[in-house]
Amino acid sequence: MTAETASKVEVIVDKEDVVTALTVTVPADRCHDFTPGSYYFLNIPSISSVEWHPISLSEQQECKLTFHVKSMADGAWSHKLSALAHAHANTKANLLPTVAMDGPFGCLSVDLTRYSSLCLFCGGIGVTPLLPTLEHVLRLKSAGGLPRLTKVTFCWSVRGTGLLTSDAFHSRLVSAIKCSRDMIHSTSPAARSSDSKNASAAVSPTSSGEPTFALEMVIHNTGGDTYKPPATTTNASTNTTAVVAVPESPPEEGKSKGKNHKGHKKHHQEVVEGVSAHNPPQDASLSVQSGRPALGSIISAAAEVAAKSKGLTCALVCGPAGLAKGVMDAAGVHNNVHVHQETFGY
């Protein structure tokens, strides 16, 4: 879409007061399907009529696009956006007067269908492009796509728990874990008869010998505060590694097999709902470790999984330059690891 004014805009500062959620509704004829790695240029004239900022698309529900912006230094555009959101907090539906946008632009520099394992590394607010990428991968996998892919590791490093427990991300992370568990029960007869939290059942192939898919979530807090799940979830311990059997969805009786048959589409829609932050689970928290993640160990483990099938590993990284360099260095010792990186400067 070319630069134009969004038809409806909502802006909300999350309860942790660290992230501003800017949700815009665009006309149906200007709405695009979600593409991992996409971003828009945004302009808010009430902040500055000449400043346009590239912001990653963090979430998309049909024609409602959500951008999550972390408030940075005083005087920065992001800080002014947060102040504007506070000023509009008491207005009807938290509506902003005008937001102009141009996009979408960008995409991943890699083809996800090529890889046997994926590692997604996020640093701080760098989670905004990679969390929807994780959700996108789960949707594709649940619909029978990405046949080579057997493992995804999602690694997020935060400096303090403010981002982690914010409304913008926490429920979506928990939903991704729950979605992977639900796929175990919905696709595998063996798994349906067992407890998905049982580690021995989770690491075994299904009785029919179908391939399995592992989702591992690694979250590190480099700050000194202690993670406490938001009130919307319980304190029950969560096993953050789930192995999902993904057989090909059978076509409806009397119909030929194809990606658009109704049975396939229905299953896909059910899993999309499971991943959505608007349908968050109420029975899980996240496992959070202190200190920095061991980037080399994570990439080596993924590369080893891919090597078993003579496949490739892809590492996607978005965050500070130091994180990107660490991932590049760790990937450089392997000959089957590709890297896509994004950095931000404000």
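Everything here concerns the structure above.
Criteria and thresholds
Residues numbered from 1 in each chain as written. Predicted model: local features only at pLDDT ≥ 70, side-chain atom pairs only at ≥ 80, totals over all residues. Heavy atoms only, no water. Pairing = 2+ DSSP bridges. Helix = DSSP H or I, 4+ residues; strand = E, 2+ residues; numbered from the N terminus. Right-handed = clockwise from strand over helix to strand, strands pointing away. Core = buried A, V, L, I, M, F, W, Y, C linked by side-chain atoms within 4.5 Å. Buried < 20%, exposed > 50% of the residue type's maximum accessible area, 1.4 Å probe, protein only. Contact = heavy atoms within 4.5 Å. Polar contact = N/O pair within 3.5 Å; in protein donor to acceptor, adjacent residues only side chain to side chain.

A.B. asks: Run through the pairing of strand β4 (residues 39-43), naming residues and quoting values.
C.D. replies: Sheet topology places β4 next to strand β5 (residues 53-56); four bridges connect them, and they run antiparallel. Pairing of phenylalanine 41 across the sheet is with proline 54, part of β5. Relative to strand β8 (residues 100-105), β4 runs antiparallel, the two being bridged by four bridges. For phenylalanine 41, the partnering residue across the bridge sits in β8 and is aspartate 102.

A.B. asks: I'd like to hear about the pairing of strand β15 (residues 337-343), residue by residue, with values.
C.D. replies: Where strand β14 (residues 312-319) meets β15, seven bridges bridge the pair, whose relative direction is parallel. Each bridged residue has a counterpart across the sheet, and for leucine 316 the counterpart in β15 is histidine 340. A crossover links β14 with its parallel partner β15, the connecting element being helix α8 (residues 321-331), and its sense is right-handed.

A.B. asks: Describe the nonpolar core, with residues and values.
C.D. replies: With 38 residues, the main nonpolar core has Leu134, Phe154 and Trp156 as its most contacted residues. Broken down by element, the residue count for this core peaks at six residues, all from helix α2 (residues 127-142). When near neighbours in sequence (up to four residues on either side) are disregarded, tryptophan 156 contacts Cys122, Gly123, Gly124, Val127, Leu163, Leu164, Phe169, Leu173, Val218, Ile219 and His220. Judged by nonpolar contacts, the second largest core, of 23 residues, contains Val11, Leu22, Ile47 and Val69.

A.B. asks: Run through the side chain of threonine 133, naming residues and quoting values.
C.D. replies: Structurally, threonine 133 can be placed in helix α2. Among the polar contacts made by the side chain of threonine 133, one reaches the main-chain carbonyl oxygen of proline 129 at a distance of 2.7 Å. Residues contacting threonine 133, with those up to four places away along its chain left out, are Pro36, Gly37, Leu108, Leu120 and Leu316.

A.B. asks: Before we move on, could you go through unusual backbone geometry and cite the residues and values that matter?
C.D. replies: With omega at 5°, the peptide bond leading from glycine 103 into proline 104 counts as cis. Residue glutamate 62 is not a glycine yet carries a positive backbone phi of 55°. Looking at where glutamate 62 falls in the secondary structure, it is placed in the loop between β6 (59-61) and β7 (64-70). Phi is positive for lysine 310, close to 55°, though the residue is something other than glycine.

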